[in-house]
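# Per-entry structural report
What follows is the residue order along each chain.
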Amino acid sequence: MEKNHYDASDITILEGLEAVRLRPGMYIGSTGPRGLHHILWEIVDNAIDEAANGYADKIDVHLYRDGSVSVEDNGRGVPTDIHPKTKVSGVQVVYTQLHAGGKFDEHNYSFSGGLHGVGASVTNALSKWLKVRVWRDGTTWEMEFHSYYDEKKKKYESGVPVGPLVNTKQRTKRHGTCVHFLPDDAVFSTTEFSLSTIEHRLNELAFLNRGLTITLTDDRITQNEYEAAKGDADSVQLDLMGSMQPFSATYRYDGGISDFVTYLNDGKTRLYAKPLYYKAQKDNIQIEFAIQHTSDFTESLFSFVNNIPTPEGGFHEIGFRGGLTRMLNDYARENKFLKDKDPNFLGDDFREGLTAVLSIKMKNVQFEGQTKTKLGNPEAKSPVESCVVEGLRAIAADPKFRRAFEEIIKKAQGAARVRVAARQAKDTARAKNSIDNFMLIGKLAACSSRKPEQNELFIVEGDSAGGTAKQARVRQFQSILPLRGKPLNVEKKRLDQVLANEEIRTIISALGAGIGNDFNLDKINYHKVIILSDADQDGFHIRCILLTFFFRYMRPLISAGHVYIGMPPLYKVYKQNGSAEEYAYDDKELQEKIEKVGRGYLIQRYKGLGEMSAEQLWQTTLDPARRNLTQVTLEDAVAAEDMISTLMGDRVEGRKEFLAVNANFNKTDAFMEKVKFRKEGDDEEG
């Protein structure tokens, strides 16, 4: 190659779906499990959009033994006529052209979750084959696409039509679309769909779309096997039909998001029997919300825009909170719960123990934030706020809801008293536990760098392991904070009780960004907060407690990707003469390391971090070049909320059932099954 040779002939033009195949991460985020499910959600979202706009009321999702999946709806069906510009059928355009679809104007879809017009074509590009069947205009149409490696061109051809759209001449009264595809194992690190992941999302979509019936069938597992996996093996042993039938479930909620709130509060002590629900349309935005208070102390607000979760919030949540605070303060004054000279309650007072679902549908949605799940449309704030005020006033005017509002005000009064105590505790915590204060001397071994983006904080279980970690660390950018006891399980405590716990106060002080609504991510002292605990039951419990604390009181820390789990090895495989030394992180890897070391090997089993020397801890756990560090990300806030409430709250029966099925303390913490882990420096799930 000639030096500095660069002209127009060196410019590569990617045609059709080549770009998707070459850079799939740009379109679906990753080629791991998350990306695999993303191509399914793209097809499901198209069906949901038909339902959300009033054209469909039934969706069927079917998982097959060969790894393929189909999504069928009874909507209008993808257009089959010839497109005026491309001169090919509408079906071919939709499944082979990026940025092609009926959602870019307001004529066909008032609201859409699939905003970018790349979904169906991207799914096609990343599948071995994709088959489309359309029932429309009284007949059945079919078209098939496949991807293959072209030996002549020396490249992959993605999503190529096997032939044109075919009219099968089969007359029918049906209407809708069925898309059946097989993910390409040459693209994805795994092509095995997760039944639990799909169950949860379809159930959520059914809640968000009142009256929509969604069915899920999985040929890979029988009904009996599914029940046994859920812990009910004894009750299904005599079910002969269940031993032959594939797993099937139906999701339909005529109560919509009101049923959603009831579901979320299952097992909790509710202050009033039924959720308060309201729906209206303001400034071309459809708004609905449902709320219910429990005896818990934390707020659980789940918001959605066009059926898409917005865990990072946005202007619609700002409007919701503002409207809730304004209306309830007005109610408290009108009904003499507040005297003329009394100050208003704060929003936090009304939101203690609140479970709420807010769902809006609007046009021209703009997402922003770390994971593009924060609503950036400022025009959504005012309509949502006025809708909440109007809706709650209408509900409060009904005498049968008087007790509910009285309970809300009583809850707020108690929260206000605790708020004053908590503010005093916060002030005390700041005074006692600032990083420069003597309380942290001997606990936090601070790094010398003042650049948060470079700094790492290791929260280490026990003084023994903490002492070793302090010896092993790089003082410039690694800080060590040993925990001398188990932190408080914050799920069962009020904020003032949380702040009274010495271990929690120390963590708050070390991070330097505040807590709760005062938490400010811009003030964080470390961009890597690493939980380093032993691989035993106590270690996993500490990990659960810390993750619960971060989820409840520092959630932006998780959303921004600053929380990590340090994964120390379980074994060292070595030879006496020192000629070989390997570390294994699980039993499977142990066998691989034994084979690598060869005959004459010895095994050391680490029962805790304290058994490791400083050199070993550095090599295996602290050294950025060699350590096994995984990032905690919040993939699904609703699932994480349910898991934390089950395992760390008062839902005893739910906890027993979960642990009976999932507890295995020789594996990665089952508690965070719904909160995904990723290897450091990778965009794939670990």
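My aim in this report is to walk through the structure given alongside it, one point at a time. (Residues numbered from 1 in each chain as written. Predicted model: local features only at pLDDT ≥ 70, side-chain atom pairs only at ≥ 80, totals over all residues. Heavy atoms only, no water.)

Next up on the list: the sheet that holds strand β12 (residues 300-305). Spatial ordering of the open sheet is given by β10-β11-β14-β12-β13, a layout of five strands whose pairing is mixed. Each edge of the open sheet is held by one strand with a lone partner, namely β10 (276-282) and β13 (308-309). Where strand β11 (residues 285-293) meets strand β14 (residues 354-361), eight bridges bridge the pair, whose relative direction is antiparallel. Paired with Q286 across the strands is K361, a residue of β14. (Pairing = 2+ DSSP bridges. Helix = DSSP H or I, 4+ residues; strand = E, 2+ residues; numbered from the N terminus.)

What follows is about the environment of K575. Inspection of the secondary structure puts K575 in strand β21 (residues 571-575). K575 gets classed as partly exposed once you look at its relative accessible area, which sits at 23%. Leaving out residues up to four positions away in the same chain, K575 has contacts with A580, V597, G598, R599 and G600. Of note is the side chain of K575, whose polar atom sits 3.3 Å from the backbone oxygen of V597. A polar contact is formed between the side chain of K575 and the backbone oxygen of R599, at a distance of 3.3 Å. (Buried < 20%, exposed > 50% of the residue type's maximum accessible area, 1.4 Å probe, protein only. Contact = heavy atoms within 4.5 Å. Polar contact = N/O pair within 3.5 Å; in protein donor to acceptor, adjacent residues only side chain to side chain.)

Reading across the sheet, the three strands line up as β22-β21-β23 and stay open at both edges, with antiparallel pairing between neighbours. Of all strands in the sheet, those with a lone pairing partner are β22 (581-584) and β23 (601-605), marking the two edges. Put simply, the sheet's adjacent strands are angled 20 degrees from each other on average, direction ignored. Contacting β21, β22 and β23, helix α20 (residues 614-622) runs over the sheet at an angle of about 55 degrees to β22. (Axes fitted to C-alpha atoms, helices over the stretch in contact; angles between N-to-C directions.)

This part covers the pattern of salt bridges. Here the structure, examined in full by the defined rule, presents 34 salt bridges. With its nearest N and O atoms 2.8 Å apart, the salt bridge here joins D184 to R21. Taken together, the residues D184 in the loop between β7 (176-183) and α6 (195-208) and R21 in helix α1 (residues 18-22) connect sequence positions 163 residues apart. Here the salt bridges share partners, and the residues they tie into one network are E299, E317, R321, D348 and R351. (Salt bridge = Lys/Arg side-chain N within 4 Å of Asp/Glu carboxyl O.)

Here we take up a negative patch on the surface. Judged by side-chain charge, D586, D587, E592 and E595 come together as a negatively charged surface patch. When you line up the elements, D587 lands in helix α19 (residues 587-597). (Patch = residues over 30% accessible without salt bridge, like charges linked within 9 Å, V, L, I, M, F, W, Y side chains within 5 Å. Areas by Shrake-Rupley, 256 points an atom, 1.4 Å probe, with all protein chains shown as cover. Lys, Arg positive; Asp, Glu negative; His and termini not counted. Charge placed at Lys NZ, Arg CZ, Asp CG, Glu CD.)

Quick look at the packing of helix α14 (residues 463-472) against α20 now. Direction vectors running N to C along α14 and α20 enclose 80 degrees, while the axes themselves pass 8 Å from each other. The angle between the axes of α14 and α20 places the two elements in the roughly perpendicular class. Every residue of α20 that contacts α14 at A465, T468, A469, Q471 and A472 is listed here: A614, L617, W618 and L622. Taken together, the residues of the contact of α14 with α20 sort by class into seven nonpolar, two polar and no charged. (Parallel < 35°, antiparallel > 145°, perpendicular 65-115°, else oblique. Nonpolar A, V, L, I, M, F, W, Y, C, P; charged D, E, K, R; others polar.)

With that out of the way, let us pick up the pairing of β11. Summarising burial for β11: eight of the nine residues are buried, a large majority. Taken together, the seven bridges between β10 and β11 define a ladder with antiparallel strand orientation. Across the sheet, K279 pairs through a bridge with E288, a residue of β11. Counting the residues between successive antiparallel strands, the hairpin from β10 to β11 contains two residues, one of them, D283, with a positive phi of roughly 50 degrees.

Here we take up helix α16 (residues 502-511). With nine of 10 residues buried, α16 lies mostly within the body of the structure. By the burial criterion, the buried members of α16 are E503, I504, R505, T506, I507, I508, S509, A510 and L511. The N-capping residue of α16, defined by a side-chain oxygen 3.2 Å from the backbone nitrogen of E503, is N501. Looking at the residues trailing α16, positive phi occurs at G512, about 75 degrees.

In short, the description is geometric, and any link to function would need to be established separately.
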